[in-house]
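Examination of the molecular architecture
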Amino acid sequence: MTRRTKIKALLESEQTDIEVLVKGWVRTFRNNQFIALNDGSTNHNLQVVVDFENTNPAKLKRLTTGAAISVSGTLVASLGKGQKVEVKAKEIDILGDCDAETYPIQPKKHSLEFLRENAHLRFRTNTFGAVFRVRNTLAYAIHQFFQERGFVYLHTPIITASDAEGAGETFHVTNFDLNRIPKTDDGEINYEEDFFGRATNLTVSGQLEGELGALALSDIYTFGPTFRAENSNTTRHVAEFWMIEPEMAFYDLNDNMDLAEALLKYVIKYALEKNADDIEFLTQRLLDEEKQKPQQARSEMNLVEKLNFCLDKDFERLTYTEAIDILKESTPNKKKKFQYPIEGWGTDLQSEHERYLVEKHFKKPVILTDYPKQIKAFYMRQNDDGKTVRAMDILFPGIGEMVGGSQREERLDKLEQRMDEMGISKEELWWYLDTRRFGTCPHAGFGLGFERLIMFVTGMGNIRDVIPFPRYPKNAEF
RNA sequence: UCCUGAGUAGCUCAGCCGGUUAGAGCAUCUGACUGUUAAUCAGAGGGUCGCUGGUUCGAGCCCAGCCUCAGGAGCCA
């Protein structure tokens, strides 16, 4: 009894003329003779050669696209071109039939929109097979990066009572019978009767809890799901996404930037090595897509080149103020090409401005620092100028903000003053303020959007295509 | 949420100025072929034109509302 071998291993096998057992799903069945078999272990298919003259015709009929089969036979050097090895089948078992009339995935090019509606089956396509293998590699690489550096993987809560950060709309978590919500005498919802005895929601960030860990364990990171109830309908937003949030004691903003840049380069390099085939396929896919576009709309670099370029170059670091100066002097601003002209110092940059800086001016990832305090969160460390905070955003071509972070305000008086100014309750965040009361120290951290990272590495243009089952307004299918 | 565009066969799309029986490629089915590479060749079947209402002798096409999708914007990761 031979053990099952995965297709990836067979295609890399040095040996031939050995007995093998393979299992997988039929991609196509050509010429009544050749099965292209895929089991998800690699982007490449294994060719199985059927002795059709000595096989029951009824069984041949069942070798349809999508059917699950088991094949025992001999791995031999291929007689045909296009593959090194193939399996000469001795016996084929149909494990699961697949009705060709009703199976949605056909051996042809499907639109990403169609496959999104069939997200339960899209793993079976070359594109999504590649995307989700890359996703897996990136997740692993992130853990490896932090583990190599002695970071502690910390699980911050999914259900939380704090939304003090103001990082957007939250999903409420409740046990109430929604048809009979308990009210207080003055008609307000009585959360005291709810499961936790107070209003709770799904986390929008693990940062505040992460800081608590860092101020004892030194270096921690979180890697988990995050939820935002924003009514966002874009290629860069989903309601449920995964975020990596490291938090480091005794780091200043420069250390923070160094770490973020090192992390991004590490995981991109890791994926390029580990998933070379998949990224090569995705590169080709994008090239084919670009052939539809006019010459000038095509990108200068292909996907692999873009990733390597990113590894070779230092990210451009500049302050918000410097960025504003560049934008003010820029051709599109002078020619009034920006929908939002650069008025002056103090307002947040629009997408078009970020795109200009990253895609036109510097043509590489850009780290912007020291933003005006009024457009940033309360916990960011205030600079001596009284106007700016030690924030940093890492902007990527085609993606926008990939990382957002800052050095944290460790001085209790400064922090409390800022909370008062911004109307944030010091009573609710008593535990956060305690870290500043007892052994406070400089520290910093950032949040990395995992899906946005995957978008960059795979070249996929829509965030809904890099998470298995995307959640977005009006959609929670599967 | 706002702006723009789209919704026609299983999929991708064409459908003229409102006019007779709504088309193509791929997929599927039937047959042929048998070292193919999204195989090829011949033939066949397949439609609530997103939904509701309106204008008209007549609506896939015009109008209104709604739904869904895509791209862009805002919010952000």
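Residues numbered from 1 in each chain as written. Chains lettered and ligands numbered in written order. Predicted model: local features only at pLDDT ≥ 70, side-chain atom pairs only at ≥ 80, totals over all residues. Heavy atoms only, no water.

Not every one of the 51 residues close to RNA strand B is listed here, only the nearest: Lys81, Arg116, Thr234, His237 and Arg452. At 2.5 Å from a phosphate oxygen of RNA strand B is found a side-chain nitrogen or oxygen belonging to Gln350. Broken down by secondary-structure element, the contributors of at least two residues to the surface near RNA strand B are β1 (18-30), α3 (112-117), β11 (240-249), β15 (400-407) and β16 (443-449). (Near = heavy atom within 4 Å. Polar contact = N/O pair within 3.5 Å; in protein donor to acceptor, adjacent residues only side chain to side chain. Helix = DSSP H or I, 4+ residues; strand = E, 2+ residues; numbered from the N terminus.)

As a general feature of sheets, a regular strand has side chains that alternate between the two faces. Looking at chain direction, strand β3 (residues 46-49) and strand β5 (residues 85-96) are connected through two bridges and run parallel. Within β5, the residue paired with Val49 across the bridge is Lys88. Inspection of the sheet shows strand β4 (residues 68-77) paired to β5 by ten bridges, in the antiparallel sense. Residue pairing for β5: Val76 is matched across the bridge by Glu86. (Pairing = 2+ DSSP bridges.)

The next point concerns the domain arrangement of chain A. It is common to give the size of an interface as the accessible area that goes away when the parts come together. You can read the domains of chain A as domain 1 (7-103) and domain 2 (124-169 + 204-465). Centre-to-centre, using C-alpha coordinates, domain 1 lies 44 Å away from domain 2. Each partner contributes to the interface: domain 1 provides nine residues, whereas domain 2 provides eight residues. In total, about 680 Å² of surface goes out of reach between domain 1 and domain 2, with carbon and sulfur atoms giving 27% of it. In this assembly, domain 1 and domain 2 are joined by zero salt bridges. In terms of residue class, the side of domain 1 that touches domain 2 is built from two nonpolar, six polar and one charged. (Domains from an automatic or database assignment. Contact = heavy atoms within 4.5 Å. Buried area = accessible area lost by both parts, 1.4 Å probe. Salt bridge = Lys/Arg side-chain N within 4 Å of Asp/Glu carboxyl O. Nonpolar A, V, L, I, M, F, W, Y, C, P; charged D, E, K, R; others polar.)

Glancing now at the environment of Glu261. Inspection of the secondary structure assignment puts Glu261 in helix α6 (residues 253-274). The spacing of Glu261 and Gly400 is 139 residues in sequence and 15 Å in space, taken between C-alpha atoms. Beyond its immediate stretch of four places on either side in the chain, Glu261 contacts Lys313, Asp314, Phe315, Arg317 and Ile367. A distance of 2.9 Å separates a polar atom in the side chain of Glu261 from a polar atom in the side chain of Lys265.

A word on the sheet that holds strand β8 (residues 172-173). Pairing within the open sheet is antiparallel, and its three strands lie in the order β7-β9-β8. Strands with a single pairing partner mark the edges of an open sheet, and in this sheet they are β7 (159-160) and β8. In this structure, β8 lies alongside strand β9 (residues 200-202), joined through two bridges in antiparallel fashion. Note that in β9 the partner of Val173 across the bridge is Thr200.

Moving on, we come to unusual backbone geometry. A positive phi angle is found at Asn31, which is not glycine, with a value near 60°. If you trace the backbone, Asn31 turns up in the loop between β1 and β2 (34-38). The exposure class of Asn31 is exposed, given its relative accessible area of 60%. At Phe478, a residue that is not glycine, the phi angle is positive and equals roughly 70°. Within the fold, Phe478 resides in the segment after α14 (450-458). (Buried < 20%, exposed > 50% of the residue type's maximum accessible area, 1.4 Å probe, protein only.)

This part takes up the packing of helix α4 (residues 126-148) against α6. Packing of α4 against α6 leaves a shortest axis separation of 9 Å and a crossing angle of 135°. In terms of orientation, α4 lies oblique with respect to α6. In this structure, α4 meets α6 at a crossing whose hand is right-handed. The segment α4 lies against α6, with Thr137, Leu138, Tyr140, Ala141, Ile142, Gln144, Phe145, Phe146 and Glu148 engaging Leu259, Ala262, Leu263, Tyr266, Val267, Tyr270, Ala271 and Lys274. Classifying every residue of the contact of α4 with α6 gives 13 nonpolar, two polar and two charged. (Axes fitted to C-alpha atoms, helices over the stretch in contact; angles between N-to-C directions. Parallel < 35°, antiparallel > 145°, perpendicular 65-115°, else oblique. Left-handed = near helix turned anticlockwise from the far one by under 90°.)

Moving on: the environment of Trp25. By the element assignment, Trp25 lies in strand β1. Taking the relative accessible area as the measure of exposure, Trp25 reaches 39% and is therefore partly exposed. The spatial distance from the C-alpha of Trp25 to the C-alpha of Cys98 is 9.7 Å, given a sequence separation of 73 residues. When sequence neighbours within four positions are dropped, the list of residues in contact with Trp25 reads Ala36, Leu37, Asn38, Asp39, Gly66, Ala67, Ala68 and Arg124.

Here we come to the sheet that holds β5. Strand order in this closed barrel of five strands is β1-β2-β3-β5-β4, and the pairing throughout is mixed. Strand-to-strand twist of the sheet, defined as the mean angle between neighbouring strand axes without regard to direction, takes the value 55°. As defined by bridge partners, β1 adjoins β4 across eight bridges and the pair is classed as antiparallel. Each bridged residue has a counterpart across the sheet, and for Lys23 the counterpart in β4 is Ser70.

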